[in-house]
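Summary of the model geometry
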Amino acid sequence: MNFIAWTIIACEIGFWVVILLGLVTRYIFKKERLGLFFLALTPVIDLILLAITAIDLYNGATATLAHAIAAVYLGSSIAFGKSMIRWADENFRYYVQKEGTKPVRKTGMAYARHSLKGTFQHLLAYIIGGGLLLLLIYFIDDPSRSEVLWGTLKIWGLLLGIDFVISISYFIWPRLAKK
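Before going into details, it helps to say that this report is about the structure given with it. Since the structure is predicted, the reported quantities are computational estimates derived from the model, not experimental observations.

**Regarding unusual backbone geometry**
- The phi torsion at Lys-30 lies on the positive side, around 60 degrees, for a residue other than glycine.
- When you line up the elements, Lys-30 lands in the loop between α1 (3–28) and α2 (32–40).
- With phi around 50 degrees, Asp-141 is a residue other than glycine that occupies positive phi space.
- Take Asp-141: it is sitting in the loop between α5 (108–140) and α6 (143–172).

Structure representation (structure tokens):
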């Protein structure tokens, strides 16, 4: 594995560490502002990954799948970050703090709407990450060094299309409640 791949792994671990630190600080230690500070560090992790990836490519590296995944990670982190933090917050409060209501498993039309909302978040991630991929392709300006970036953009577009089809299918065949 190359340096960028390890950086992505470190950033993902860092993302969840600062979220956990934020939640523990906020709810266990009752330090609301410090907890908010830790939660606010999540975009800093994204900036670190963006800088390291850009510097690596600027210094002449041939784009690898790890560089492409870095763009996908950044788009996904920006598009899904707030909802992931909200999910972690709700589950932490219920399962660790024993406060609030139990997170409900959505079914029927509520699940269909939730799934479609997630697909639109996926579209936003694609726009952001795809934009980063296109910027990298433009700045590299060498098709032999950026081939994998184009391939990733195409595969991701296909996956986004599949995501839309699946989400729309829930409006036709709603998810049923488990008994």
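**Topic: the nonpolar core**
- Counting residues in each nonpolar core, the largest one holds 33 residues, and the members touching the most others are Ile-19, Leu-23, Leu-49, Tyr-73, Leu-133 and Leu-149.
- When residues in this core are grouped by element, the largest group, ten residues, is from helix α4 (residues 65–95).
- The residues contacting Leu-23, other than those within four sequence positions of it, are Ile-28, Ala-88, Asp-89 and Phe-92.

**Description of the environment of Arg-86**
- Positionally, Arg-86 belongs in helix α4.
- When the C-alpha atoms of Arg-86 and Arg-175 are compared, they prove to be 23 Å apart, with 89 residues separating the residues in sequence.

**Quick notes on the pattern of salt bridges**
- One pass over the structure, following the stated rule, counts three salt bridges.
- For Arg-26, the salt bridge goes to Glu-32, with nearest N and O atoms at 3.6 Å.
- Among the residues examined, Glu-32 registers a relative accessible area of 49% and is labelled partly exposed.
- Between Arg-26 and Asp-89 there is a salt bridge, and its shortest N-O distance comes to 3.6 Å.

**Remarks on the packing of α4 against α5**
- As a packed pair, α4 and α5 sit with axes 7 Å apart at the nearest point and diverge in direction by 145 degrees. For the crossing formed where α4 meets α5, the hand is right-handed. Each of Ala-68, Ala-71, Leu-74, Gly-75, Ser-76, Ile-78, Ala-79, Phe-80, Ser-83 and Arg-86 in α4 lies in contact with α5, whose residues at this interface are Lys-117, Gly-118, Gln-121, His-122, Leu-124, Ala-125, Ile-128, Gly-129, Leu-132 and Leu-133.
- When its residues are assigned to classes, the contact of α4 with α5 shows eleven nonpolar, seven polar and two charged.

**Observations regarding a nonpolar patch on the surface**
- A surface patch of nonpolar side chains, about 610 Å² in accessible area, is lined by Met-1, Trp-6, Ile-9, Ile-13, Val-17 and Leu-21.
- Tracing the backbone through its elements, the reader meets Leu-21 in helix α1.

**Thoughts on the packing of α1 against helix α3 (residues 42–58)**
- Between α1 and α3, whose axes approach to 9 Å, the crossing angle comes to 175 degrees. In terms of orientation, α1 lies roughly antiparallel with respect to α3. Contact residues: α1 offers Phe-3, Ile-4, Thr-7, Ile-8, Cys-11, Gly-14, Phe-15, Val-18 and Ile-19, while α3 offers Thr-42, Ile-45, Leu-49, Ile-52, Thr-53 and Asp-56.
- Per-class residue counts for the contact of α1 with α3 are ten nonpolar, four polar and one charged.

**Examining the side chain of Asp-89**
- Among the structural elements, Asp-89 can be located in helix α4.
- Overall, Asp-89 belongs to the buried group, its relative accessible area being 13%.

**So, α3**
- With 17 residues, α3 should reach 24 Å at 1.5 Å per residue; the first-to-last C-alpha distance of 25 Å fits that figure.
- Of all the residues in α3, the buried ones are Thr-42, Ile-45, Asp-46, Leu-49, Thr-53 and Leu-57. Seen along its axis, α3 keeps its buried residues to an arc of 100 degrees; they face one direction. Those residues of α3 that are exposed and angled more than 90 degrees off the buried face are Leu-47, Ile-55 and Tyr-58.
- Where α3 is buried, its residues contact α1, α2, α4, α5 and α6.
- Once α3 finishes, Gly-60 follows within two positions and takes phi at roughly 100 degrees, a positive value.

Procedures and definitions
- Residues numbered from 1 in each chain as written.
- Predicted model: local features only at pLDDT ≥ 70, side-chain atom pairs only at ≥ 80, totals over all residues.
- Heavy atoms only, no water.
- Helix = DSSP H or I, 4+ residues; strand = E, 2+ residues; numbered from the N terminus.
- Core = buried A, V, L, I, M, F, W, Y, C linked by side-chain atoms within 4.5 Å.
- Buried < 20%, exposed > 50% of the residue type's maximum accessible area, 1.4 Å probe, protein only.
- Contact = heavy atoms within 4.5 Å.
- Salt bridge = Lys/Arg side-chain N within 4 Å of Asp/Glu carboxyl O.
- Axes fitted to C-alpha atoms, helices over the stretch in contact; angles between N-to-C directions.
- Left-handed = near helix turned anticlockwise from the far one by under 90°.
- Nonpolar A, V, L, I, M, F, W, Y, C, P; charged D, E, K, R; others polar.
- Patch = residues over 30% accessible without salt bridge, like charges linked within 9 Å, V, L, I, M, F, W, Y side chains within 5 Å.
- Areas by Shrake-Rupley, 256 points an atom, 1.4 Å probe, with all protein chains shown as cover.
- Parallel < 35°, antiparallel > 145°, perpendicular 65-115°, else oblique.
- Expected span 1.5 Å × (residues − 1).
- Arc of directions from axis to C-beta.

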